[in-house]
Amino acid sequence: ERWLFWHRRDLRLADNLGLAAAAAATPAVTGVFVLDPGILEAPDLAPARLWFLAESLRELAESWRGAGSRLLVLRGDPVVLLPRLAAALQAPVLAWNRDVEPYGRERDRRVAAALQASGRRVLVDWDQLLIPPEALRTGQGDPYRVYGPFWRNWRGQVAAKAGLGSAMAGGLEPVAAPSGLRDLGEQALEALERSGAGPLPLVQPDPATGLHLPHDFSGTDLCPCRPGEAAALEQLQSFCDGGPLLAYEPGRNLPGEAGTSGLSAALKFGTLSPRQAWAAAQQARALVRSTEAEQSITVWEQELAWREFYQQALFHFPELAEGPYRPQWKRFPWENDEGHFAAWREGLTGVPIVDAAMRQLNASGWMHNRCRMIVASFLVKDLICDWRWGERAFMARLVDGDLAANNGGWQWSASSGMDPKPLRIFNPATQAAKFDPEAIYIRTWLPELRHVSSADLISGAIAPLERRGYPEQIVEHKLQQARFKALYAALPR
Ligand code: FAD
């Protein structure tokens, strides 16, 4: 009996819980990935994400060969193709790991229904979260809306699970990649060619020959996120083994330094599992002696928990994806000036820290977290532009673009989300002075302003003769802040 394992955002063999469960049942497992036009042809698919996906899939196909079986890559609608594939291979079971996004959940529901209608089984597991969303409830039995109490409950459950050993036994210890799998025989391969309504749209019948997914992302050398399972593990090791993790606080806030892990795309595409990230942090913790280093590790763990907070929020409140969580924001009179928005998107606002950040995004497909908060606040509170414009613009460029984290980050910055603090307005100059005091980051991404003094790069007060084509500030922070507050105060509640 041949089982199928459907990869989605878990592009790895090691510590893949759904795959491990399938391989525990039978060595005859075949991997499948579906290039879904619903995702790949969406207007907000960033070229950087296509690059990351293509490279990771290429490596994944090789890993499947190494494990003795193969990865089939199909192009089309999974709801149509997967039941056909299962029928062609007479596979009784299709296994996968669950998703939190509304699109994925609806797709999975339809795939499961179609398979079950033809008498097949589905085997589903939670893999992309340390603690599944259903397990996290307040004392009243409600899902969490506030991060603080979420973190305390989540951390307690993580500690309890850590005592249970292997992830296959409900613990957190990563599971090894399957090996000694059995490949499809000649007959099955022929059946694929002849299957049902004509040949299945296999993108590459033999994964060893490689996968061709054209993309026009030119920032591969600038992007800190490296595709593929092997690179993710290497990146994790160099971050944790005596690396930036131990000085994460305050290093995480300095965009001019490589103080963060750069693992966001790996965690989004699942070339790395959250358990692998967690285990590496625990190993580092066992070795450190200073309270500063211990504190740094805790702060990094809190970031992993933010990732899970936003995922459980999207799971329980799918309406977050549609608009503001706080209803009064639905009536906010956004100014939505197209010219201002274009200047923001292209890094031409005349505010150096904002422009440097947007240029980093445009060139590398990635942006430092501190800068994501600065540019988001600027778009919403200084340019008075609907945060959903920014959310879409980020998705169209980010290598790690992820609905839950991106929507969560934008709603947090816009003050429209679950976050209890009502209005948060960043002053770009104050932020730059605090977090880029030598203007290292600003000079990196705005090379045309390298000659300008750090003080002027931070304040944005650049003399006309020194500008050399760099634009003047399109708005004045103090003025806009007052206007924004007045609009907010006038909102009907
Ligand atoms: P590290 O500092 O090393 O953190 C480790 C991991 O924790 C990250 O890889 C990420 O998976 C997770 N994480 C860290 N901070 C957050 C956070 N605030 N929310 C959720 N998860 C977090 N992150 C995305 O992965 N995808 C997005 O589309 C995304 N959009 C964002 C939009 C805005 C407006 C803001 C303010 C933040 C956004 N973030 C997003 C969160 C954060 O900026 C990135 O996760 C982080 O910069 C990635 O860098 P790193 O891997 O070096 O992170």
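These numbers were taken from a predicted model, which means no experiment stands behind them.

## Overview of the domain arrangement of the protein
Under the domain assignment used here, the protein contains domain 1 (1-127), domain 2 (129-174 + 229-316) and domain 3 (327-489). The centre of domain 2, based on its C-alpha atoms, is set 27 Å off from the matching centre of domain 3. Opposite the 15 residues of domain 2 that make contact, domain 3 presents 19 residues. Those elements giving two or more residues to the side of domain 2 that touches domain 3 turn out to be helix 10 (264-269) and helix 12 (291-316). At five residues, the largest contribution of residues to the side of domain 2 that touches domain 3 is made by helix 12.

## A short note on the pairing of strand 2 (residues 29-35)
Of all seven residues in strand 2, seven are buried; the element is thus mostly enclosed. Here strand 2 shows two buried faces, one formed by Val29, Gly31, Phe33 and Leu35 and the other by Thr30, Val32 and Val34. Judged from the four bridges that link them, strand 1 (residues 3-6) and strand 2 form a sheet pairing that is parallel. Following the sheet pairing, phenylalanine 5 is matched in strand 2 by glycine 31. Traced from strand 1 through helix 1 (residues 17-25) to strand 2, the parallel crossover comes out right-handed. Relative to strand 3 (residues 71-75), strand 2 runs parallel, the two being bridged by five bridges. Bridge pairing links phenylalanine 33 to valine 73 in strand 3.

## Brief notes about the site of the ligand
Taken together, 28 residues lie near the ligand, and Thr260, Ser261, Asn369, Asn406 and Gly409 sit nearest. For the shell around the ligand, the secondary-structure elements that each account for two or more residues are helix 10, helix 12, helix 15 (369-382) and helix 17 (403-414). Ranked by residue count, the leading element in the shell around the ligand is helix 17, at six residues. The class makeup of the residues in the shell around the ligand is 11 nonpolar, 10 polar and seven charged.

## Section: helix 17
Counted at 1.5 Å a residue, the expected span for helix 17 with its 12 residues is 16 Å, and the 16 Å between its end C-alpha atoms agrees. Of all 12 residues making up helix 17, 12 are buried, and the element is well covered by its neighbours. Taken as a whole, helix 17 has its buried residues at Leu403, Ala404, Ala405, Asn406, Asn407, Gly408, Gly409, Trp410, Gln411, Trp412, Ser413 and Ala414. Turning to helix 17, the residues buried within the fold contact helix 12, helix 15 and helix 16 (387-395). Remark: serine 415 follows helix 17 within two positions and exhibits a positive phi of approximately 65 degrees.

## Digging into the nonpolar core
If you look at the biggest cluster of nonpolar residues, it comprises 130 residues, and the most contacted ones within it are Leu4, Leu94 and Ala357. Beyond its immediate chain neighbours, meaning those up to four positions away, alanine 357 contacts Met367, Cys371, Ile374 and Val375.

Criteria and cut-off values
Each chain has its residues counted from 1, following the order in which its sequence is written. Side-chain atom pairs in this predicted model are given and counted only at pLDDT of 80 or more, local residue features only at pLDDT of at least 70, and totals for whole chains, interfaces and linings cover all residues. For the purposes of this description, domain bounds are those given by an automatic or database domain assignment. Our contact criterion uses C-beta atoms placed from the backbone: two residues qualify when those atoms are within 7 Å. Here a helix means four or more residues in a row that DSSP labels H or I, a strand means two or more in a row labelled E, and each is numbered from the N terminus. Exposure classes come from backbone-placed C-beta atoms, where a residue is buried if 20 or more other C-beta atoms lie within 10 Å of its own, exposed if 12 or fewer do, and partly exposed in between. Strand pairing follows a simple DSSP-based rule, namely that at least 2 bridges must link the two strands. With the strands pointing away from the viewer, any crossover whose connection runs clockwise from the first strand over the helix to the second is right-handed. Any residue whose backbone-placed C-beta atom lies within 6 Å of a molecule or strand is treated as near that molecule or strand. Three categories are distinguished: nonpolar for Ala, Val, Leu, Ile, Met, Phe, Trp, Tyr, Cys and Pro, charged for Asp, Glu, Lys and Arg, and polar for the others, with Gly belonging to the last. In this scheme, a helix's expected span is set at 1.5 Å multiplied by one less than its residue total. In these notes, a nonpolar core means any group of buried Ala, Val, Leu, Ile, Met, Phe, Trp, Tyr and Cys residues linked to one another through C-beta atoms within 7 Å.

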